Each structure stands twice: as C-alpha cells, then as structure tokens.
Amino acid sequence: MRGLVYGGPGVRSWTEIPDARIEDPRDAIIQVDAVTICGTDLHILGGDVPEVTEGTVLGHEAVGTIVETGGGVGGLAPGDRVLASCISACGICRYCRQGAYGQCRGGGGWILGHLMNGVQSEYARIPFADLSTYKLPDRVDDESAVLLADILPTSYEVGVLNGQVRPGDTVAIVGAGPIGLAAVVTARLFSPAHIVVIDKAESRLQAAKMFGADTTVLVGSDDALDTVQALTGGLGADVAMEAVGTPQTFELCTTLVRPGGRVANIGVHGAPATLHLEDLWIRNVTITTGLVDTYSTPKLLDMLVAGQLDLGHMVTHRFGLNEFMAAYDVFADAGRSGALKVVLSR
C-alpha cells in the first residue's frame, strides 16, 4: 500500500509502505475512504513538532471502512463506516476516565501521524478502535464527517468552550484558516454579539464572512486593536482566540482582550512567544491552552445530522487518494490557492 511519508523538515513523499496490520487486540484496520490535510501537518513539515520521526506516515483525520478488527474490539465489524478520531483513548487511565482523552497515559492521546503512522494512506491501523472511532449514519457524507475528526472539536473545545464564549460577547479570532473558521461556526452556537476575524489573506476573510463573522480585519491594511476597541467602547474583546500558532498572533490576542477577558490559544506553536505579564498581571486576563480531547465529537455529530452545523463551504479542493503531493502543494499555498480544507477521496 502507499502512504504520505515524512522524510524530515520540508520532505514528504507518497510512496510504498508496509501494509497496515493488527498489532494489539484493540486495533482495527480501516480502508481510508476520505482523508484531509491539517495545518498541524504543515507544522510538522516545518520542523515544529520534533517528536515526529522520519519515516512516519502523516495524518490524523479520516473516514474509512472497517476491514479487520482485533480480538479485543467489541463494537465494530468489517463493513462499518466510521470516523477515525484524531485522538486515541485507552479508556482506563486517569485522564481517559475524566474525559481528557488528549492527555491519555495508556498509550493514546494524539498519536496518529505523530508518534505512530497516521491515516494519510490507503489503509490505516486505528488503536483503541472501540473508543477512537464513531460509526457514521448513511445520511452524513464523507466530506462533512471528516471535518469532525479534528477541526470542529478542536475549535469548539479548545477555543469556544475554554474561552467560555457567552451570549452577547465580542469574540476576536486571529487566523481564518480551517481552525479559525470552525471557531466562527461553533462560537455562533452561543449567540455572541459580535465576531471579529483577523487574517492576512483576503480570500480567507471572505470565507469568514460566509461562515458568520460580523467584521473582518486584513492584516497590514487595518488595525485590529482599533477595530475591536471601536466595537466595544474601548474595552476590548471578551474572548480572543489564537488560531495560527505564531508568537505574533498570540501576542496580538493578548492586546485585543479586555480586562477580565479570556485568551484561548488553539494554534500549534513551534517557537516561544513572549508573555507580557508586566501588562497582563493587573488586567485579570485568563489564558488557556489545550490539546483537543474530542469528548464533544458525538454531540457535534448529532448537530451535523440535525442540520445545525453548516459545513458545506469548508471543503474547497478535492483530489484523488493518489494525488497527495499536489494536494499538499495547494494546501500549503493557501494564500494563493484559496484553499480551506483539502479532501482526498478513494
């Protein structure tokens, strides 16, 4: 079979790899039917995630069909169509028992495409399959479902819920990539008064408006702080979400937030950011960080089935499963290509 293999910073190849096989009784093997590329994969290729070793198959977001299960898998059978979560959960460690699956100490957490081979391949091994997959109803299509593997629960849990978005809030979201746009969609579930999105690409700001942003700010032509303060009588945002993963965007969020407000960091950071405690200590600002736990995935799937999540415009580019190299080129050059989510299908 073939997979997208990490060869070190800046190096990737779609090449022959060993067949996926059961290695633990709790494993399942899926035929990958639809898969997508995450901004985290670009961070890995940029050298920001040194735990990923050369030779690892990337990817942690897929929809697939079960083709084989280990003897310890009780809730799945060959032929089942499933969402493979970006987070694997042993189900028995202290963190899993608290629903904090991202911090699993029993061999799970974020391991797909990180500490073990991921799902950007023709077939993939899914560990702890009973707890790390979700059966999909026929009426949910692959493209919509694959967005629930990572970006929707990440934005919802690490951005919206950690940031405690409330009715009437002013929410500033820095970054209008897929994570930022998913934050717009899920923040709107809580009826904020105003959502402001800041980005350096006009095409992504247009997408943010389509998904429900009230105001957009183009970096370099408008001043984000002036815009937010004008909307809030000089106070600042109730919640500022960082959805990029650079020192500059994190520090911008700390300037946009009002006294008593909340900064929710969602982005993956590969370089230190300065924490200006000399300014923040007196302002009662709460800063949260987090890796998604995916405890919200069943609820988000229910909302998707009920038509409460409009994801129809999130996928902008489609490729065949053997076109990974071209798909990465398009996704990595999103400012020029206008790519939001790129989906590859069998």
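Let me begin by describing the structure that accompanies this report. As the structure is a computational prediction, the values presented were derived from the model and not from experiment.

### Remarks on the overall build of the protein
Part 1 of the reasoning: Helix and strand content of the protein: 13 helices and 15 strands.
Part 2 of the reasoning: The globule rule puts the C-alpha radius of gyration for 346 residues at 20 Å, and the 20 Å found for the protein is close to it.
Part 3 of the reasoning: Along the longest, intermediate and shortest principal axes, the C-alpha atoms of the protein span 60 × 40 × 40 Å.
Part 4 of the reasoning: By residue count, 56% of the 346 residues in the protein fall in the buried class.
Part 5 of the reasoning: Within the protein, contacts between residues at least 6 apart in sequence are counted, and of these 70% link residues at least 24 apart.
Part 6 of the reasoning: Between the mean site of the 24 positive side-chain charges and the mean site of the 39 negative ones, the protein shows a separation of 4 Å.

### What to know about helix α12 (residues 324–332)
Part 1 of the reasoning: Turning to α12, its buried residues are Phe324, Ala327, Tyr328 and Phe331. Buried positions in α12, seen along its axis, are confined to an arc of 100 degrees and lie on one side of it.

### Details of the packing of aromatic side chains
Part 1 of the reasoning: Under the counting rule described, the total for this entry stands at 3 aromatic pairs.
Part 2 of the reasoning: An aromatic cluster of at least three residues, connected via ring pairs, comprises Trp14, Phe324 and Tyr328.

### Examining the pairing of strand β1 (residues 2–6)
Part 1 of the reasoning: For β1, the buried fraction is high: 4 of the 5 residues fall into the buried class.
Part 2 of the reasoning: Bridging between β1 and strand β2 (residues 12–16) involves 5 bridges; their strand directions are antiparallel. Residue Val5 lies in a different strand from β2, and its bridge partner there is Ser13.
Part 3 of the reasoning: Hairpin remark: β1 followed by β2, antiparallel, with 5 residues in the connecting loop; positive phi at Gly8, about 110 degrees.

### Quick word on the side chain of Asp199
Part 1 of the reasoning: Here Asp199 lies in strand β9 (residues 194–199).
Part 2 of the reasoning: For Asp199, which is buried and forms no salt bridge, the nearest opposite charge comes from Arg204, at a distance of 5.3 Å.
Part 3 of the reasoning: From its side chain, Asp199 meets the backbone nitrogen of Ala176 in a polar contact 2.7 Å long.
Part 4 of the reasoning: In terms of polar contacts, Asp199 uses its side chain to reach the backbone amide nitrogen of Ala201, at 2.8 Å.
Part 5 of the reasoning: If we ignore the near neighbours within four places in the chain, the residues touching Asp199 are Gly175, Ala176, Gly177, Arg204, Leu205, Val217, Leu218 and Val219.

### Examining the side chain of His43
Part 1 of the reasoning: By secondary structure assignment, the location of His43 is in helix α1 (residues 39–45).
Part 2 of the reasoning: Setting aside chain neighbours within four positions, we find His43 in contact with Asp48, Val49, Val244, Gly245 and Val268.

### What about the environment of Arg94?
Part 1 of the reasoning: Residue placement: Arg94 occurs in helix α2 (residues 94–97).
Part 2 of the reasoning: With 11 residues separating them along the chain, Arg94 and Arg105 place their C-alpha atoms 7.7 Å apart.

### Here we look at the nonpolar core
Part 1 of the reasoning: Counting 89 residues, the largest nonpolar core has Val197, Met241, Phe324 and Leu344 as its most contacted members.
Part 2 of the reasoning: One finds Ala172, Val174, Ala237 and Val263 within the second-largest nonpolar core, a separate group that totals 16 residues.

### A short note on unusual backbone geometry
Part 1 of the reasoning: For Phe128, which is not a glycine, the phi torsion comes out positive at approximately 45 degrees.
Part 2 of the reasoning: The topology assignment puts Phe128 in the loop between β6 (123–126) and α3 (129–132).

### Some points on the pattern of salt bridges
Part 1 of the reasoning: For the coordinates displayed, the defined rule picks out 12 salt bridges.
Part 2 of the reasoning: With a shortest N-O distance of 2.9 Å, Asp27 and Arg125 are connected by a salt bridge. With Asp27 in the loop between β2 and β3 (28–36) and Arg125 in strand β6, this residue pair connects regions lying 98 residues apart in the sequence. Arg125 shares its class with Asp27; the two are buried.
Part 3 of the reasoning: One salt bridge connects Glu143 with Arg318, and the closest N-O pair in it is separated by 2.6 Å. With a gap of 175 residues between them, Glu143 in helix α4 (residues 142–146) and Arg318 in strand β14 (residues 315–320) connect regions that are remote in the sequence.
Part 4 of the reasoning: Three or more residues are tied together by salt bridges with common partners; here these are Glu23, Asp27 and Arg125.

What counts, and at which threshold
For every chain, the first residue of the written sequence is number 1, and numbering continues from 1 onward in sequence order. Only residues with pLDDT of at least 70 are given local features in this predicted model, and only at 80 or more are side-chain atom pairs given and counted; all residues enter the totals for whole chains, interfaces and linings. Only heavy atoms go into the side-chain values, all of them from the structure, while hydrogens and water stay out. Secondary structure counts use DSSP, requiring at least four H or I residues in a row for a helix and at least two E residues in a row for a strand, with both numbered from the N terminus. We compute the radius of gyration from the C-alpha atoms alone; for a globule the expected value is 2.2 Å times N to the 0.38, where N is the number of residues. We call a residue buried when its accessible area falls under 20% of the maximum for its residue type, exposed when it is over 50%, and partly exposed in between, using a 1.4 Å probe and counting protein chains only. Whether two residues touch is decided by their heavy atoms; if any such pair falls within 4.5 Å, the residues are in contact. Charged residues are defined narrowly, with Lys and Arg counted positive, Asp and Glu counted negative, and His plus the chain ends left uncounted. Where a charge lies is defined by one atom per residue type, namely NZ (Lys), CZ (Arg), CG (Asp) and CD (Glu). What the arc covers is the set of directions going from the helix axis to the C-beta atoms. We call Phe, Tyr and Trp rings a pair once their centres come within 6.5 Å, taking the six-membered ring for Trp, and we label the pair stacked below 30 degrees between planes, edge-to-face above 60, and tilted otherwise. DSSP calls a pair of strands paired once it identifies at least 2 bridges connecting them. Salt bridges are identified by distance alone: a Lys or Arg side-chain nitrogen within 4 Å of an Asp or Glu carboxyl oxygen. Pairs of N or O atoms are called polar contacts if they sit within 3.5 Å, as long as, within protein, a hydrogen donor faces a hydrogen acceptor (for residues adjacent in sequence, only side-chain-to-side-chain pairs). Remark: nonpolar core denotes a set of buried residues (Ala, Val, Leu, Ile, Met, Phe, Trp, Tyr, Cys) joined through side-chain atoms within 4.5 Å.

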